[in-house]
Amino acid sequence: MARFGLPALLCTLAVLSAALLAAELKSKSCSEVRRLYVSKGFNKNDAPLHEINGDHLKICPQGYTCCSQVMEEKYSLQSKEDFKSVVGEQCNQLQAVFASRYKKFDEFFKELLENAEKSLNDMFVKTYGHLYMQNSELFKDLFVELKRYYVAGNVNLEEMLNDFWARLLERMFRLVNSQYHFTDEYLECVSKYTEQLKPFGDVPRKLKLQVTRAFVAARTFAQGLAVARDVVSKVSVITPTAQCTHALLKMIYCSHCQGLVTVKPCYNYCSNIMRGCLANQGDLDFEWNNFIDAMLMVAERLEGPFNIESVMDPIDVKISDAIMNMQDNSVQVSQKVFQGCGPPKPLPAGRISRSISESAFSARFRPHHPEERPTTAAGTSLDRLVTDVKEKLKQAKKFWSSLPSTVCNDERMAAGNGNEDDCWNGKGKSRYLFAVTGNGLANQGNNPEVQVDASKPDILILRQIMALRVMTSKMKNAYNGNDVDFFDISDENSGEGSGSGCEYQQCPPEFEYNSTDHAGKSANDKADSAGACPGAQPYLLAVFCILFLVMQREWR
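What counts as what
- Residues numbered from 1 in each chain as written.
- Predicted model: local features only at pLDDT ≥ 70, side-chain atom pairs only at ≥ 80, totals over all residues.
- Heavy atoms only, no water.
- Helix = DSSP H or I, 4+ residues; strand = E, 2+ residues; numbered from the N terminus.
- Buried < 20%, exposed > 50% of the residue type's maximum accessible area, 1.4 Å probe, protein only.
- Contact = heavy atoms within 4.5 Å.
- Areas by Shrake-Rupley, 256 points an atom, 1.4 Å probe, with all protein chains shown as cover.
- Disulfide = S-S within 2.5 Å.
- Salt bridge = Lys/Arg side-chain N within 4 Å of Asp/Glu carboxyl O.
- Polar contact = N/O pair within 3.5 Å; in protein donor to acceptor, adjacent residues only side chain to side chain.
- Phe/Tyr/Trp six-rings, centres within 6.5 Å; stacked < 30°, edge-to-face > 60°.
- Lys NZ or Arg CZ within 6 Å of the ring centre and 35° of its normal.
- Axes fitted to C-alpha atoms, helices over the stretch in contact; angles between N-to-C directions.
- Parallel < 35°, antiparallel > 145°, perpendicular 65-115°, else oblique.
- Left-handed = near helix turned anticlockwise from the far one by under 90°.
- pLDDT = per-residue confidence, 0-100.
- Expected span 1.5 Å × (residues − 1).
- Core = buried A, V, L, I, M, F, W, Y, C linked by side-chain atoms within 4.5 Å.
- Nonpolar A, V, L, I, M, F, W, Y, C, P; charged D, E, K, R; others polar.

## A look at the overall build of the protein
Broken down by element type, the protein carries 22 helices and 4 strands. Here the protein, with 556 residues, has 50% of them falling under the buried criterion. Taking the contacts inside the protein whose residues are at least 6 apart along the sequence as the reference set, 80% of them involve residues at least 24 apart. Carbon and sulfur atoms make up 52% of the accessible area of the protein, which amounts to about 26800 Å² in all.

As structure tokens, then:
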């Protein structure tokens, strides 16, 4: 037996060595995984040099792995940051577009008002000199109110313009009848004849219509740009759910744990995860598209009949035309006023000649030459601004429904559409077999990658949906020439009733507006067009009503 002891021992050692060598060969190197892990700023001691047993993994596939438990936890946090970064980039680009265009429009409108006021002041000083200076506060007040309307909206333009013409009539009536003494009560009587006598011709009526429509459209359009900017800014701040985070980890970094560091996620696999993680954002799309359509319609008005530049640039000439009408018809106007308000008291003889010489009103305005006056403000023109914004608005349509695809088109997030076999499908390097689900909360019940609780919509998203709905309704009114701050914008189903507001027979056709509540729209129709708007769920109606009242006041 002793003779066989040594050979047997040698054979045993050889077998054991071969087994150890085989185990060593089977345990793959994790050097590349470790290098990439460290490149992200993590501790190299977290990463094993060779594959280890993966029973400790909670999300990534178990078996032999290059990931320790600490690595999986840190990769989970990193996947959230990667996701937020890529989505944030897309949203920030869109937010920057609206922010820059709002700033430019705001700057343009304010400078346009400043230029118009300066032009009127210069023209009237040259024409009337001291006489105008004595009454200049009347015109200053006009521009103060126009600016206040544009900035805050808390001005009734129609009442303000009526008041301006009434005050102007009082001043001019005194000037053309300077031989008489008029009490405040008498002048108040004079102002009551403004509509009946039309001392300024048809200018006040036309200018009121033009100013109201132009200012409503301009202010609402600028406000719409600000609303779009704010909505995108708020929605871009994303906090992934636990289920979303698990899916992101599995998609982005679990392939590393298997040593597949160069294999990118399959495109459809990425699409399902993004649609699950961005389900709430997908529900914005329906109201967002309505909002974009309304902005484009108002933009057309700004280019045409509601062009604030064409209204404000010659406003001094239009007012001068009105004053000349009053001059030409002063005798007839005065006689009718004297009949209605009674004969005024003449001034004493000594004061009459002095009053006439002090208030001589014989000067007339020089002809208007458009080429003499600047037609731009803020270094641009309204046409150029609107053309640029229209292009950006068209590009922004369907932004939220296309966001998942946009993210997955980023080479950092997924393989190309044509690389369907050599991509990571969540388990290994192979084709992804599941179909891509639709957008929005209601379509996530069949999402194979992310569990989404459709019964708990994001309250922040609901608020933004309400903000868009309110702003779209305002633009519907602005498109039709109505003052948005003096109409009930809670009625989204029609533009009928008191909302027509067409005082003069120049009203445009009604704006075709589709609301999420519009009669005849089924839940399936909404799902097809916007990933099923959450408003389709009965229990959300109360939430929508409350949010609508809150947001209506916020955006006024």
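Now that the structure is up, let's keep going.
## Remarks on the state of the cysteines
Within the structure shown, the criterion is met by 7 disulfides. Here Cys67 connects covalently by a disulfide to Cys257, the sulfurs 2.0 Å from one another. Measuring the twist about the S-S bond at about -90 degrees, one finds the Cys67-Cys257 disulfide to be left-handed. Note that Cys67 is positioned in the loop between strand E2 (64–65) and helix H3 (69–128) and Cys257 in helix H10 (residues 254–257), a separation of 190 residues in sequence. Exposure class is identical for Cys67 and Cys257. Each is buried.

## Focus on the pattern of salt bridges
For the structure shown, the criterion picks out 19 salt bridges. Where Glu89 meets Arg412, a salt bridge forms, and the shortest distance between an N and an O atom there is 2.8 Å. Highlighted residues: Glu89 in helix H3 and Arg412 in the loop between helix H19 (399–408) and helix H20 (459–479), separated in sequence by 323 residues. Among the salt bridges present, the one from Arg229 reaches Asp230, with a minimum N-O distance of 2.9 Å.

## Re the side chain of Asn447
Within the secondary structure layout, Asn447 lies in the loop between H19 and H20. Of note is the side chain of Asn447, whose polar atom sits 2.9 Å from the backbone nitrogen of Glu449. A distance of 3.3 Å separates a polar atom in the side chain of Asn447 from the backbone nitrogen of Val450. For Asn447, the contacting residues outside a window of four places in its chain are Asn272, Arg275, Gly276 and Thr437.

## With respect to the environment of Phe98
Along the chain, Phe98 falls in helix H3. Separated by 124 residues in the primary sequence, Phe98 and Ala222 have C-alpha atoms spaced 9.9 Å apart.

## Some thoughts on the packing of aromatic side chains
Evaluation of the coordinates by the stated rule reveals 24 aromatic pairs. Between Phe105 and Phe109 the ring centres are 5.5 Å apart and the planes differ by 55 degrees, which places this aromatic pair in the tilted class. Pair noted here: Phe105 and Phe109 are both in helix H3, with a separation of 4 residues, about one helical turn. What makes Phe105 buried here is its relative accessible area of 0%. Relative to Phe338, the ring of Phe173 has its centre 5.9 Å away and its plane inclined at 75 degrees; by these criteria the two rings are edge-to-face. Taken as a pair, Phe173 in helix H5 (residues 157–176) and Phe338 in helix H16 (residues 330–341) lie far apart in primary sequence, 165 residues in all. No difference in accessibility class separates Phe173 from Phe338, as the two residues are buried. Among the aromatic residues, those joined into a ring-pair cluster are Phe124, Tyr132, Phe139, Phe164, Trp165 and Phe200. The ring of Tyr149 has Arg219 sitting right over it, with the charged end atom 5.7 Å from the ring centre. The aromatic ring of Phe306 is capped on one face by Arg301, whose charged end is 5.4 Å from the ring centroid.

## A look at the packing of H5 against helix H15 (residues 315–328)
H15 packs onto H5 with a crossing angle of 45 degrees between their chain directions and a minimal axis gap of 11 Å. One finds that H5 runs oblique with respect to H15. Handedness of the crossing formed by H5 with H15: right-handed. Across the interface between the two elements, Phe164, Trp165, Leu168, Leu169, Met172, Phe173 and Val176 of H5 pack against Ile319, Ala322, Ile323, Met326 and Gln327 of H15.

## So, the confidence of the model for the protein
Here the protein averages 80 in pLDDT, and 76% of its residues register 70 or above. In the model, residues 17–25 has pLDDT below 50 throughout and makes 1 contact with residues more than four positions away in sequence or in other chains. Low pLDDT, under 50, characterises residues 352–375; the stretch is placed with 42 contacts to residues that sit more than four places away or in other chains.

## Section: H20
Here H20 contains 21 residues, and its C-alpha end-to-end distance of 30 Å stays within 8% of the 30 Å for a straight helix at 1.5 Å per residue. Counted residue by residue, H20 has 18 buried out of 21 residues, so it is predominantly covered. Sitting at the amino-terminal end of H20 is Asp458, which places a side-chain oxygen 2.8 Å from the backbone nitrogen of Leu460.

## As for the environment of Val452
Inspection of the secondary structure puts Val452 in the loop between H19 and H20. You can call Val452 partly exposed: its relative accessible area is 26%. Considered as a pair, Val452 and Cys277 are 175 residues apart in the sequence and their alpha carbons are 8.1 Å apart. For Val452, the contacting residues outside a window of four places in its chain are Gly276, Ala279, Leu441 and Gln444.

## Side note on the nonpolar core
Ranked by internal contacts, the top residues of the largest apolar core, which has 142 residues, are Leu146, Phe221, Met274, Trp288, Met312 and Ile319. Residue contributions to this core peak at 18 residues, all from H3. With residues near it in sequence (within four places) discarded, Ile319 still touches Leu120, Phe124, Phe139, Leu142, Phe164, Trp165 and Leu207.

## Focus: helix H13 (residues 285–303)
Helix length check: H13, at 19 residues, gives a terminal C-alpha distance of 27 Å against a target of 27 Å (1.5 Å per residue), a fit within 8%. The element H13 is extensively covered by neighbouring structure, given that 15 of its 19 residues are classed as buried.

## A short note on the packing of helix H8 (residues 203–235) against H20
Each packed pair of helices is defined by two parameters, the angle between the axes and the distance between the axes. Direction vectors running N to C along H8 and H20 enclose 165 degrees, while the axes themselves pass 10 Å from each other. When the interaxial angle is binned, H8 and H20 end up roughly antiparallel. Where H8 crosses over H20, the handedness of that crossing is left-handed. Here Val216, Ala217, Thr220, Gln223, Gly224, Val227, Val231, Lys234 and Val235 of H8 come into contact with H20, specifically with Leu460, Ile461, Gln464, Ala467, Leu468, Met471, Lys474, Met475 and Ala478. Here the contact of H8 with H20 is built from residues that sort into 12 nonpolar, 4 polar and 2 charged.

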